[in-house]
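Breakdown of the fold
Spelled out, the chains give:
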Amino acid sequence: MDRFVFLTFDGLSKGAVLAAFALALVLIWRAARIVNFAQGAMAVAAAYAGYSVTSATGSYWLGFAAALVGGLLIGVVVERAVMRFVDHSSPLSEVIVALGLVLVVQAVLGMVYGNEFLPAGTPFSRNALSVGDVPLLSRYDLFVFGAVLLVLLGLALLFTRTSVGLRMRASAFAPEVSRLLGVNVGGMLTLGWALASAVGALAALLVIPTELGLHPHAMDLVFVSAFTAAVVGGLDSPPGAVVGGLTVGLILSYVSGYLGSDVTPMAVLVLLLAVLLVRPGGLFSSTVARQA
Amino acid sequence: MTADDVILQVKGLTAGYGAAPVLQEVDLTVRAGTIAAVLGANGAGKTTLLRTLSGLVRPSGGEIVYGGQPLRDVPVEQLVRRGMAHVPEGRGVVAELTVDENLRLGGLWRRDREDAAKALTEVYELFEPLAQRRRSAGHQLSGGERQMLALGRALVARPKLLLLDEPSLGLAPRVIAQIMALLRQLRDSTGLTVLLVEQNVRSALSVADEAVVMSLGRIVTATSADRLRDDEELRHAYLGF
Amino acid sequence: MSEQTITPAAPAAAPAPAPKRSVALPGFLSGSTLLRHLVLAVLAGVLLFLLTQQLDPFRNFQLATVAAYLCATAGLTLLVGMNGQLSLGHGALMAVGAYTVALAQNAFADKGITGNQVLPLSLALGVLVTMAAGAVIGLAAARLRGPYLAGVTLAVAVAVPAATVTFDETFNSEQGLSVAVEPPPLSLGLYFPNERWQAWVALTGALLTMLLLANLVRSRVGRNLRAVRDDEVAARLAGIHVGRTQVLAFVVSAASAGLGGGLMALLAQSVSPGAFSLTLSLFLLMAVVIGGLGSLSGAVWGAVLLVALPDLTHDSAQLVSLSPAVAQRLEGNLPLAVFGLTLIVVMIAAPGGVQGLLRRIGARVRRRAPAR
Ligand SMILES: Nc1ncnc2c1ncn2[C@@H]1O[C@H](COP(=O)(O)OP(=O)(O)OP(=O)(O)O)[C@@H](O)[C@H]1O
Ligand SMILES: [Mg+2]
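Below: a short report on this structure. All residue numbers here refer to positions counted from 1 along the written sequence of the relevant chain. As a convention, the first chain written is A and the first ligand written is 1, with the rest following in written order. Given that this is a predicted model, residues contribute local features only at a pLDDT of at least 70 and side-chain atom pairs are listed and counted only at 80 or more, while totals for whole chains, interfaces and linings are drawn from all residues. Heavy atoms throughout the structure, all of them, feed into the side-chain values; hydrogens and water do not.

**Overview of the overall build of chain C**
To qualify as a helix, a DSSP run of H or I must reach at least 4 residues; to qualify as a strand, a run of E must reach at least 2; elements of each kind are numbered from the N terminus. Scanning chain C for helices and strands turns up 16 helices and two strands. Only protein chains enter the accessibility calculation, which uses a 1.4 Å probe. A residue is then buried if its area is under 20% of the maximum for its type, exposed if over 50%, and partly exposed in between. Here chain C, with 372 residues, has 50% of them falling under the buried criterion. Within chain C, residue pairs in contact and separated by at least 24 positions form 82% of the contacts whose partners lie at least 6 positions apart. Contacts between residues were defined by any pair of non-hydrogen atoms, one from each residue, lying within 4.5 Å.

Pasting the structure below:
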């Protein structure tokens, strides 16, 4: 029973990160109808930037900020310099170009930092705090929850309460009409990529210390899990991404806790297939949005 | 007619999609504070003309002079800042946004927040049904309500030139008459200029000052609306009734 | 995406005649596609046979590797280029073929079974098992589109190598298995170079694959594949069973990848999950995109590229003198970066790939020729 409780909290903490990463995927999907297969690599690149700053200054928080800013910039560059020029008539080309980006980014990281795992520190202890004698959550887990919650709230406010959010939604749904109404649609698209990339970077920052460490491929499996989470929730739905992330996090935690961690990739595949074949639109898909 | 009077002057405009041109050597002059009807059969190029004027289609030749300045390479999103508003064919209500959001979108670019808010209130006063459905999503509106929303959204920008593409499409005669009356009233009270593309020839000619008839991408006649309305021979030749 | 487009309604409406392309070929060859491909294959076989006599062992080994890759890239070209289904999991399918061949070879060796029939038998087993795996993925794939399919095949690419750890009693985890391979037949002589023998085996497999796929592409099935790619609705209206066509494409493609993987296992005489990582899947995809998705010839360029580019970057890195640490970092990563960059540039600037470029240049030269 204790183990179950522990795995549940561990799963929720993992799930929070997956939710953030899935949310980043959803952001770009909604803005550009692209599943950004390069998001893992982009996030790792931002995390490496943070690592460099942390090593140079000795401050985790400076590195943290640098990674987020780096994430924003990487998003801008990727959209402006690459994705803007891709032929959008076939989804194949977008996926393939994103995969090309994955190779380039991972190779460049390997050349600069080497292909070894680098230790990634945490600002808070990862030792679980106990209630009674049941170990539940570490301070770091609480930090993860807080950070993800803050991002969720921030994004929700941005999209529903601000005029920039209104512009971003309008550009995504009806680019031509938005231009006629004076909205800088290209700029909104870039902004969407930047935000998504920064959220992805945050997820990478949060998850990497809980795994083997910093590595060009550190986000490969996380990407697949987050993609599954996004699909579970429906690629169109931000709340769906959050619920999907928590669900996938829990399932993976139980699977790796009871069956062994090497089974998780297989579990992700099975879960993904099951959701896609049973409910292809995801659990939270909004059908109205597709009528226009 | 002085040069100041002319708000829009089109000379030798050629445009199209891909290789084949749709518009061929179109010449058009629209005076400020008038309503000009653009008539013609399906596929004549009326929509393409409006889309080229607002920059959605790149012209391959010719010149558009708006408010005394040539519009070469002015981005689409800048035109509304210069007072040109385009209500596209099919109305272009953003289905996923609410009525209120759609309307606010029309005034987001404006620096003068106060006047933008005032314009919004005026639109709600003008179109009662919209005021009652502020929180409804665009896709929940009826056709008439959508037309009001699209028109209202354009008016929030307080335009000088309004490009209207088939506002009567799918509407009841009474609603069409109301819209035409509104256009006339806006022209008279605010000096609004309207380029009105219509299939509904009678309604259009009832409000228009000038009329042009398009066929196969060319303007085949340009005259006063009264003359087209009253001269049976002319009407017969160009409009077929 | 491809230069070959056909009207979707055509294939079912009329049994189109074999395309007449009697440009330079004798008349009897233009009549039958099968015959023409057969003659071409034999011709290629003879040329390659002569080539293997000239090459040193290292080059022969590279040639064999190209041939093994070619099986996989040709299958992938069929799937992506002709049928419009994206797979990021062909590296995993190669792994299935490779492990099957490894296990079969070792089982035969354990039982003391030797002889000429062993090799074809284990390769056939590898192909069959991979086909089964391909059928399973294909069944799911037929119901998925665009990014969803890409995501599932990506998950396959990640899951299969991990499965070698889960079932480590059979697959021996990260270390992998060594593969028992018999030396070249004694009838070829005592000192026959092993690499030349490997090249022969792999080239036979590759030629066979190309021959079969080329005929498939030209057949009614091939036209159905393209019709489904171009417009599913139209294909369905024309009476093509879309789902079945897509599964078929996946199965054929998997079979080719399985053979490629099996040949790889024989060449390397070992299999390990590291050799069939996600990167391999991405490499394969890149190879076919850069080679050109429009035709099977693109797959040849792709396969050559997969072997030649790492070699080239290795050589060019050695031209500039670098510290050993830097050189080591560059060695593994430079080809990756070059590949990725090429992929992006090709996709944006030249979607026809190498083969598309060649065809365009060819067309231009031909157009100019009469003027002179
Ligand atoms: N996006 C497009 N791509 C290619 N051709 C187009 C496109 N839009 C319109 N056309 C063609 O351009 C010509 C003019 O079309 P346009 O929409 O301007 O006509 P219209 O006068 O507005 O007709 P309607 O009264 O039916 O709305 C038609 O022949 C049409 O087929
Ligand atoms: Mg029209």
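**Some words on the pairing of strand E2 (residues 21–31) of chain B**
All names here are of chain B. Bridge count between strand E1 (residues 6–16) and E2: seven bridges; the pairing is antiparallel. Bridging from a neighbouring strand, glutamine 9 pairs with threonine 29 of E2. A pair of strands is labelled paired if DSSP reports no fewer than 2 bridges between them. The antiparallel pairing of E1 with E2 creates a hairpin that spans four residues between the two strands, and glycine 18 there sits at a positive phi of about 70 degrees.

**Brief notes about the coordination of the magnesium ion (ligand 2)**
All names here are of chain B. Those donors, Thr47 (OG1) and Glu89 (OE), are the protein atoms that reach the magnesium ion (ligand 2), and they lie 1.9 to 2.4 Å from it. Here threonine 47 is found in helix H1 (residues 46–53), whereas its partner glutamate 89 is found in the loop between strand E6 (84–87) and helix H3 (99–105), with 42 residues between them in sequence. On the accessibility criterion, glutamate 89 (43% relative accessible area) is partly exposed. Ligating atoms shown are N, O and S within 2.8 Å of the metal, or 3.2 Å for Na, K and Ca, and water is not included, meaning a site may look less than complete.

**Let's talk about the site of ligand 1**
All names here are of chain B. The cutoff for a nearby residue is simple: one of its non-hydrogen atoms must lie within 4 Å of the molecule or strand. For ligand 1, the set of nearby residues contains 13 residues, the closest of which are Gly43, Thr47, Thr48, Glu89 and Gln199. Definition of a polar contact: a pair of N or O atoms within 3.5 Å, with one able to donate and the other able to accept a hydrogen when the atoms are protein atoms, and with sequence-neighbouring residues admitted only if both atoms are side-chain atoms. Within the backbone of glycine 45, an N or O atom sits 2.9 Å from an oxygen atom of ligand 1. With respect to ligand 1, the side chain of threonine 47 contributes an N or O atom lying 2.5 Å from an oxygen atom. Exposure was quantified through the Shrake-Rupley algorithm and a 1.4 Å probe, taking into account, for residues, occlusion by the shown protein chains and nothing else. Here ligand 1 loses 58% of its free accessible area of 630 Å² to cover by the protein chains. With three residues, the top contributor of residues to the shell around ligand 1 is H1.

**Focus: the interface of chain B and chain A**
Counting residues at the interface gives 22 residues for chain B and 19 residues for chain A. Here the buried area means the combined drop in accessible surface, using a 1.4 Å probe, for two parts upon being joined, counting both sides. Contact between chain B and chain A buries roughly 2,000 Å² in total, counting both sides, with carbon and sulfur atoms accounting for 66%. It is B:Glu77, B:Glu96 and B:Leu108 that lose the most area in chain B upon contact with chain A, and together they represent 30% of the buried surface on that side. A carboxyl oxygen of Asp or Glu within 4 Å of a side-chain nitrogen of Lys or Arg is what we treat as a salt bridge. Our count for the contact surface shared by chain B and chain A stands at three salt bridges. Here B:Arg51 and A:Glu176 are joined by a salt bridge, their closest N and O atoms 2.8 Å apart. At the surface where chain B touches chain A, the tally comes to five residue pairs in polar contact (both at pLDDT 80 or more). Among the elements of the structure, helix H2 (76–79) and H3 of chain B are those that each provide at least two residues to the side of chain B that touches chain A. Here the element with the most residues in the side of chain B that touches chain A is H3(B); it accounts for three residues. Amino acids are sorted into nonpolar (Ala, Val, Leu, Ile, Met, Phe, Trp, Tyr, Cys and Pro), charged (Asp, Glu, Lys and Arg) and polar (every other residue, Gly among them). Considered class by class, the residues forming the side of chain B that touches chain A number 10 nonpolar, five polar and seven charged.

**Observations regarding the pairing of strand E9 (residues 210–215) of chain B**
Residue and element names in this part refer to chain B. Pairing between strand E3 (residues 35–40) and E9: five bridges, direction parallel. For leucine 39, the partnering residue across the bridge sits in E9 and is valine 213. Summarising the sheet, E9 and strand E10 (residues 218–224) pair through six bridges and their orientation is antiparallel. From the neighbouring strand, valine 213 faces E10, where its bridge partner is threonine 221. Between E9 and E10, which pair antiparallel in sequence order, lie two residues; one of them, leucine 216, sits at a positive phi of approximately 50 degrees.

**Some details on the interface of chain C and chain A**
Taken together, the contact pairs 42 residues of chain C with 45 residues of chain A. A buried area of about 3,600 Å², summed over both sides, lies between chain C and chain A, and 84% of it is on carbon and sulfur atoms. Per-residue buried area on chain C facing chain A is highest for C:Pro147, C:Tyr148 and C:Arg329; these three make up 17% of the total on that side. Linking chain C to chain A there are zero salt bridges. Sorting the residues of the side of chain C that touches chain A by element identifies helix H7 (146–166), helix H13 (278–291) and helix H15 (324–349) of chain C as the ones contributing at least two each. The element contributing the most residues to the side of chain C that touches chain A is H7(C), with 15 residues. Residues belonging to the side of chain C that touches chain A are distributed by class as follows: 33 nonpolar, seven polar and two charged.

**Here we look at the arrangement of the chains**
The interface with the most contacts, out of two pairs of chains in contact, is the one formed by chains A and C. Chain B makes no contact with chain C; the smallest distance between any of their C-alpha atoms is 19 Å.

**Some remarks on helix H3 (residues 60–82) of chain A**
Residues and elements named next belong to chain A. For H3, spanning 23 residues, the distance from its first C-alpha to its last is 31 Å, which sits close to the expected 33 Å at 1.5 Å a residue. Every buried residue belonging to H3 is among Tyr60, Gly63, Phe64, Ala67, Gly70, Gly71, Gly75, Val78, Glu79 and Val82, and all of these are buried. With a side-chain oxygen lying 3.3 Å from the backbone nitrogen of tryptophan 61, the N-terminal cap of H3 falls on serine 59. By this rule the span expected of a helix is its residue count minus one, scaled by 1.5 Å.

**Things to note about the pattern of salt bridges**
Residues and elements named next belong to chain B. If you walk through the whole model with that rule in mind, you get 20 salt bridges over all chains. Aspartate 115 is the partner of arginine 110 in a salt bridge, and the nearest nitrogen-oxygen pair spans 2.5 Å. Between arginine 229 and aspartate 226 there is a salt bridge, with its nearest N and O atoms 2.3 Å apart. One end of the pair, arginine 229, and the other, aspartate 226, are both in helix H9 (residues 225–230), three residues apart, so they sit about a helical turn from each other. With a relative accessible area of 30%, arginine 229 lands in the partly exposed category.

**With respect to the side chain of B:Thr52**
Assignment of secondary structure puts B:Thr52 in helix H1. For B:Thr52, the residues in contact, after removing those within four places along its chain, are B:Leu13, B:Ala15, B:Leu23, B:Val57, B:Pro59 and B:Ile64.

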